[in-house]
Amino acid sequence: MQISRHLSKSENMAAASRTWFRLSPQFLRSLRRSDGKLFHTGRRRLQTKPSNGAASVYHMANTEALPEYKHQAKIIDGVAMAKEIREEVRMEVDQWVAKGHRAPHLSVVLVGDNPASASYVKAKTKAAKGAGITSETILKPSSITEEELLDLVDKLNKDDRVDGLLVQLPVPDHMTERTICNAVAPEKDVDGFNVVNVGRFCLDEPAFLPATPYGVMEMIRRTGIETFGKNAVVCGRSKNVGMPLAMLLHTDKEHHEICADATTTICHRYTPGDQLEVFTKTADIIIVAVGQPNLITADMVKEGVVVIDVGINRVMDPATGKMKLVGDVDFEGVSQKASYITPVPGGVGPMTVAMLMKNTMQAAKGQYSWD
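Here is what the cut-offs are and how they apply
Residues numbered from 1 in each chain as written. Predicted model: local features only at pLDDT ≥ 70, side-chain atom pairs only at ≥ 80, totals over all residues. Heavy atoms only, no water. Helix = DSSP H or I, 4+ residues; strand = E, 2+ residues; numbered from the N terminus. Contact = heavy atoms within 4.5 Å. Areas by Shrake-Rupley, 256 points an atom, 1.4 Å probe, with all protein chains shown as cover. Salt bridge = Lys/Arg side-chain N within 4 Å of Asp/Glu carboxyl O. 1 Å grid on protein atoms, 1.4 Å probe; cavity = no way out; pocket = protein on both sides within 12 Å on 5 of 7 lines; lining within 4 Å. Points joined across faces, edges and corners; volume = space filled by probe spheres on them. Nonpolar A, V, L, I, M, F, W, Y, C, P; charged D, E, K, R; others polar. Polar contact = N/O pair within 3.5 Å; in protein donor to acceptor, adjacent residues only side chain to side chain. Phe/Tyr/Trp six-rings, centres within 6.5 Å; stacked < 30°, edge-to-face > 60°. Buried < 20%, exposed > 50% of the residue type's maximum accessible area, 1.4 Å probe, protein only. Pairing = 2+ DSSP bridges. Axes fitted to C-alpha atoms, helices over the stretch in contact; angles between N-to-C directions.

Per the secondary structure count, the protein includes 10 helices and 15 strands. At a minimum sequence separation of 6, the contacts of the protein that also span at least 24 residues come to 72%. As displayed, the protein has an accessible area near 16900 Å², and 51% of this comes from carbon and sulfur atoms.

This is the structure we're talking about:
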């Protein structure tokens, strides 16, 4: 078997672009042939050294067929749910403006010419327009210094016309991401990345929630999935996705309707492969945000599990010879055992943008404001 792999330099995998790490055996266990049947690659352990490529690419050979399952999961339609939330925000904006207030305003700072970042920003400003929120994108070259960027953020913090403010991540390597995130005023921090917001929601205090975890929890809530006392496994420990998701899943629902009262386990790249499977096989809810295609396969989950796939990877489709987007879960295999599952694309991604709009509306109302 030959495998070539390039990890994207994303928020979830930033550290991976700089360090060696061990792939679990389960990562390689189930893949699809061009005729749609399952592959079985065995329980091999290997190490790879990630590069800074823009895509994750896998090439497989010499495999055996796996048995197929009969069950079929309900697909959680993130596109439809996100549209519903944006429409709710639009109604709230209309009511707000009807009372004599101006429309909420979102300022987005984009540093450099990263195509993925530009695409994300475009989606955010488009969603803002649809929700009745005014927005602006402030473009800065990657050569801008950290001090200059901090000065710009400070200026926007002091601008009363700006309700929500975010700096699109990642920032250039010569900047410290945490410094930039902490520079955004907590009351305008619609990304929920400022240490004040992080600390407050970890202590069950009112705060802006990071948009992706917020979107995942809203998906679970609106779908009517039971979480009380359930076993939840989060694969991935990034500070912007995995960690806040784990906090929201285990937190007491008395403090926030979005919290889940679940028994939560966090797994990450150093969790041994055999132990990862132990955790996932006993999980009622699995949320995966790692950046490894086919990390979770059908033989690693129990019947009726709820699977939320946050991963975004580009892989070669053997049937077409073209690149396509997939998540971290073997969708076709796992969907035959799960009760609910999110697709990629069309799952968590649209919800992230929708919850950002909701946060911006809350910022305009001064819902979270501290002196």
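Bringing the pattern of salt bridges into the picture now. This model, assessed by the stated rule, comprises 13 salt bridges. Of the charged contacts in the structure, one is a salt bridge between Glu205 and Arg200, with a shortest N-O distance of 3.8 Å. One network of salt bridges, in which partners are shared, links Glu84, Glu88, Glu218, Arg221 and Arg222.

For the structure on display, the rule yields 1 cavity of 30 Å³ or more. If you add up the space inside the largest cavity, you get close to 60 Å³. Every residue lining the largest cavity is listed: Leu165, Leu166, Val167, Ile180, Cys181, Val184, Asp189, Asp191 and Phe193. Residue assignment for the lining of the largest cavity shows that the elements contributing at least two residues are strand E8 (164-167) and helix H4 (177-183). Residues that form the lining of the largest cavity fall into these classes: 7 nonpolar, no polar and 2 charged.

Structurally, Gln168 can be placed in the loop between E8 and H4. Among the polar contacts listed, one links the side chain of Gln168 to the side chain of Lys124, at a separation of 2.7 Å.

What follows is about the packing of aromatic side chains. Going through the model one piece at a time under the given rule, you end up with 1 aromatic pair. When the ring of Phe208 is compared with that of Tyr368, the centres are 4.9 Å apart and the planes differ by 85°; the resulting orientation is edge-to-face. On the criterion of sequence distance, the pair formed by Phe208 in the loop between helix H5 (195-202) and helix H6 (211-223) and Tyr368 in the segment after helix H10 (348-364) is long-range, its members being 160 residues apart.

Our next topic: the environment of Ile312. You can see Ile312 is positioned in the loop between strand E12 (306-309) and strand E13 (313-317). Taking the C-alpha atoms as reference, Ile312 lies 5.9 Å from Val326; in sequence the two are 14 residues apart. Excluding residues within four positions of it along the chain, Ile312 makes contact with Leu325 and Val326.

Counting through the fold element by element, Ile296 comes out in the loop between strand E11 (285-288) and E12. Relative accessible area serves as the criterion here: at 0%, Ile296 is assigned to the buried category. Sequence separation between Ile296 and Val334 is 38 residues, and the spatial gap between their C-alpha atoms is 7.9 Å.

Okay, the side chain of Ser117 next. The residue Ser117 is located in helix H2 (residues 115-130) in this model. Apart from residues lying up to four places away in sequence, Ser117 is in contact with Leu110, Gln168, Leu169 and Pro170.

Turning next to the sheet that holds E8. Read across the open sheet, the 3 strands follow the order E7-E6-E8; overall the sheet is parallel. Pairing within the sheet leaves two strands with one partner each, and these edge strands are strand E7 (134-140) and E8. Pairs of neighbouring strands in the sheet enclose a mean axial angle of 15°, with direction left out of account. The pairing of strand E6 (residues 105-111) with E8 spans 4 bridges and is classified as parallel. From the neighbouring strand, Ser107 faces E8, where its bridge partner is Leu165.

A separate point is the pairing of strand E9 (residues 231-235). Of all 5 residues in E9, 4 are buried; the element is thus mostly enclosed. By the bridge criterion, 4 bridges tie E9 to E11 in an arrangement that is parallel. What sits directly across from Cys235, in E11, is Val288.

This part takes up unusual backbone geometry. Look at the link from Leu169 to Pro170: it is a cis peptide, with omega at 0°. Here Pro170 is to be found in the loop between E8 and H4. Each neighbour pair has its own omega, and for Val344 with Pro345 the value is 0°, a cis peptide bond. Along the chain, the position of Pro345 falls in the loop between strand E15 (340-341) and H10. Unusually for a residue other than glycine, Asp204 sits at a positive phi of about 65°. Along the polypeptide, Asp204 turns up in the loop between H5 and H6. Judged by relative accessible area, Asp204 falls into the partly exposed class, the value being 28%.

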